[in-house]
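Given next are the chains, with one letter for each unit.
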Amino acid sequence: MILSSSENMEAVKVLSVAWLVVALFCNYGAAQCVQRQFDYESFVCVCDSSFCDEIGVVEPPADGTYQIFTSSQDALRFEPSSGDVEAAASAGTVITVDTTAQYQTMIGFGGAFTDSTGINLNELPAAAQELAMRAYFAPEGIGYSVGRIPIAGSDCSTRPYSYDDNEGDVSLELWALEPEDYYYKFPFLKRAIELSPREIFFFGSPWAPPAWMKTNGMFNGSGTLLPEMWQPWSDYIVKFVEAYEAEGIPLWGLTPQNEPLSGFQDWGWNTCGWDAEGMRDWIKTNLGPTLEAAGLRRLKLMIDDFNRDTLPDYVIPSLEDPDSNQYVDGVAVHWYSDSGVGPEVLDQAHEVDTSKFLLYTEACEGFDVEGTDSVKLGSWERAENYFDNIIEDLNHWSAGWVDWNMALSMVGGPNWANNLLDSPIIVNAETGEFYKQPTFYALAHASKFIERDGVRVDAIPDAASNVRSTAVVNPDGTIVVLVLNPDETEGEISVAVDGARYVNAAVPAKSFQTIVIAAA
């Protein structure tokens, strides 16, 4: 059941936050979505200080059984069902799962702790803020296990800034964290750690060095790092890691530059240009040795951190040179060119060095529109784009998927460059509510169920079908199958596991499903 009226919304507000905490220990379906329709094809789920829907704690299915969780454009959000695994397929689209065809090991799913995320969460009453954090990180939430941290400012800040805006301070004696770290990042990073039953892999990404370190003397625009600043900039990044870890935020990884090729254009917000050869040379001569000397080689260094139309060309110089390759652990990818570039470039990047992982590190909707459409409350189309992309990327070597902002305002900000965007959670500061967008549930269908160190396996639907699918075998042996039905009509599917076990089920029109199958 989905509550849909304003009267029902008022009724459920009498439930206390304490009741929600007790409900954690129930199985799935602990609290249902309170639906609100805006101007788009689906609905949002409304949360406030007294109530928020939750998925609940989901236990693995019993031997010989399966669980299905369904979200649909018209009615459902994580609707649970279950049944017995069968010995034969029924009619409908067959999804062939072969657990012997094994690919990448999973890292996780998550979002970014931007200044804008913290600003918007701080606009909520304390109890609502807590429910928003629990929605992402608590046991009853959606299982985020990766967090991206901008190193100083990004466009999703209220101003461009660095940690040392003191021109000529090459020794970085005046380097210091900024108020944004203490007000908008640290409180939420620390709360996420407290809430999560999983270790969260945090990684830092710089948008721009101090403007005085760049050829154009600006945070944005077209400019590169001055050659004489290669070492001070490396030292700056080490200082960031050490400062954050001193605050109790353990770092797992780094990208050396967000969207490095953007710095060769008249870019509207924080950037720094690096071509592929320059990135290779900086890594092998400065950044890599500096991290190693500081005892930080344990950090996973992920190169590129830009759209997949840069692949495989951008990573070839760094991976084919053994002196830079030794410092590189993975390839970071953004989704913004995916609609025009096929996923085969991910395969090509993987083949350059199969020992390096691929990880999608940024995605969002609303980046390519003007006017008031950056935020579309209740857009199923945007959610379908997310879920389809997650499935496609996992099927082409991505070890996870990291979203951009976790919370934005009703207009998609703040953003000092006016680059307004959409987000899985939208905060209505006037009412003290937040809205869980359909994109929140698209992410949840993967992040809640796919465990770190699970292994992606084949899950191939009939060629004649529009159904999309991927599958992961979790460390405990349970099989997680993601299924997208983009059609306007309901269908039937049969998930055939190793030719011996079958899950036969209906798949609603315009829907996402997560099918969890007990270990053999």
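Each remark here, short or long, concerns the structure printed above.
Heads up: these notes are all about the structure in this document. Everything quoted here is computed from the prediction, not taken from an experiment.

1. Here's the deal with the layout of surface pockets
Next up, step 1: If you add up the space inside the largest pocket, you get close to 360 Å³.
Next up, step 2: Every residue lining the largest pocket is counted, 22 residues in all, and those nearest its centre are V58, R198, K448, F449 and E451.
Next up, step 3: Counted by class, the lining of the largest pocket contains 11 nonpolar, 6 polar and 5 charged residues.

2. Description of the sheet that holds strand 2 (residues 43-47)
Next up, step 1: Read across the open sheet, the 5 strands follow the order 1-2-16-15-14; overall the sheet is mixed. Lying at the two open borders of the sheet, with one neighbouring strand each, are strand 1 (35-37) and strand 14 (408-409).
Next up, step 2: Relative to strand 2, strand 1 runs antiparallel, the two sharing 3 bridges. If you follow R36 over to strand 2, its bridge partner there is V44.
Next up, step 3: Sitting on the sheet, helix 4 (residues 126-137) touches strand 15 (425-428) and strand 16 (433-436), and the angle it makes with strand 16 is about 20°.

3. Looking at the state of the cysteines
Next up, step 1: For the structure shown, the criterion picks out 2 disulfides.
Next up, step 2: Across the disulfide, C33 is cross-linked to C45 (sulfur-sulfur distance 2.1 Å). When the S-S torsion is -105°, as for the bridge of C33 with C45, the disulfide is left-handed. Here C33, found in the loop between helix 2 (17-23) and strand 1, pairs with C45, found in strand 2; they are 12 residues apart in sequence, far enough to count as distant.
Next up, step 3: Taking relative accessible area as the criterion, C33 reaches 2% and is therefore assigned buried.
Next up, step 4: The disulfide that involves C47 links it to C52, with 2.1 Å between the sulfurs. Looking along the S-S bond of the C47-C52 disulfide, the torsion reads about 50°, which is the right-handed sense. Judged on exposure class, the residue C47 and its partner C52 are both buried.
Next up, step 5: With cysteine numbering restricted to those in disulfides and following the sequence, the chain has the pairing 1-2, 3-4.
Next up, step 6: The thiol sulfur of C156 is not disulfide-bonded, and the nearest other cysteine sulfur, from C364, lies at 7.5 Å.

4. A closer look at the pairing of strand 13 (residues 398-405)
Next up, step 1: Here strand 13 lies mainly inside the structure; 8 of its 8 residues are buried.
Next up, step 2: Where strand 6 (residues 108-112) lies against strand 13, 4 bridges are found, and the strand directions are parallel. Residue pairing in the sheet places F109 in a bridge with W401 of strand 13.
Next up, step 3: Bridging between strand 12 (residues 357-362) and strand 13 involves 2 bridges; their strand directions are parallel. Within the sheet, the bridge partner assigned to Y360 lies in strand 13 and is W401.
Next up, step 4: Regarding the hand of the β-α-β motif, the stretch spanning strand 12, helix 11 (residues 380-394) and strand 13 is right-handed.

5. Focus: the pattern of salt bridges
Next up, step 1: Counting across every chain of the model gives 25 salt bridges.
Next up, step 2: Residue D53 pairs with K436 through a salt bridge whose shortest N-O separation is 3.4 Å. Residue D53 is found in the loop between strand 2 and strand 3 (65-72), and its partner K436 is found in strand 16; the two are separated by 383 residues along the sequence. Across the pair, exposure class does not vary: D53 and K436 are buried alike.
Next up, step 3: The salt bridge involving E362 is made with R148; its shortest N-O contact spans 2.6 Å. Of this pair, E362 sits in strand 12 while R148 sits in strand 7 (residues 146-151), and the two are 214 residues apart along the sequence.
Next up, step 4: Using a relative accessible area of 6% as the deciding quantity, one classes E362 as buried.
Next up, step 5: Here the residues in one salt-bridge network are E130, R134, E140, R191 and E194, joined through shared partners.

Scoring rules and cut-offs
Residues numbered from 1 in each chain as written. Predicted model: local features only at pLDDT ≥ 70, side-chain atom pairs only at ≥ 80, totals over all residues. Heavy atoms only, no water. 1 Å grid on protein atoms, 1.4 Å probe; cavity = no way out; pocket = protein on both sides within 12 Å on 5 of 7 lines; lining within 4 Å. Points joined across faces, edges and corners; volume = space filled by probe spheres on them. Nonpolar A, V, L, I, M, F, W, Y, C, P; charged D, E, K, R; others polar. Pairing = 2+ DSSP bridges. Helix = DSSP H or I, 4+ residues; strand = E, 2+ residues; numbered from the N terminus. Contact = heavy atoms within 4.5 Å. Axes fitted to C-alpha atoms, helices over the stretch in contact; angles between N-to-C directions. Disulfide = S-S within 2.5 Å. Buried < 20%, exposed > 50% of the residue type's maximum accessible area, 1.4 Å probe, protein only. Right-handed = clockwise from strand over helix to strand, strands pointing away. Salt bridge = Lys/Arg side-chain N within 4 Å of Asp/Glu carboxyl O.

Read these as spatial facts, not as claims about activity.
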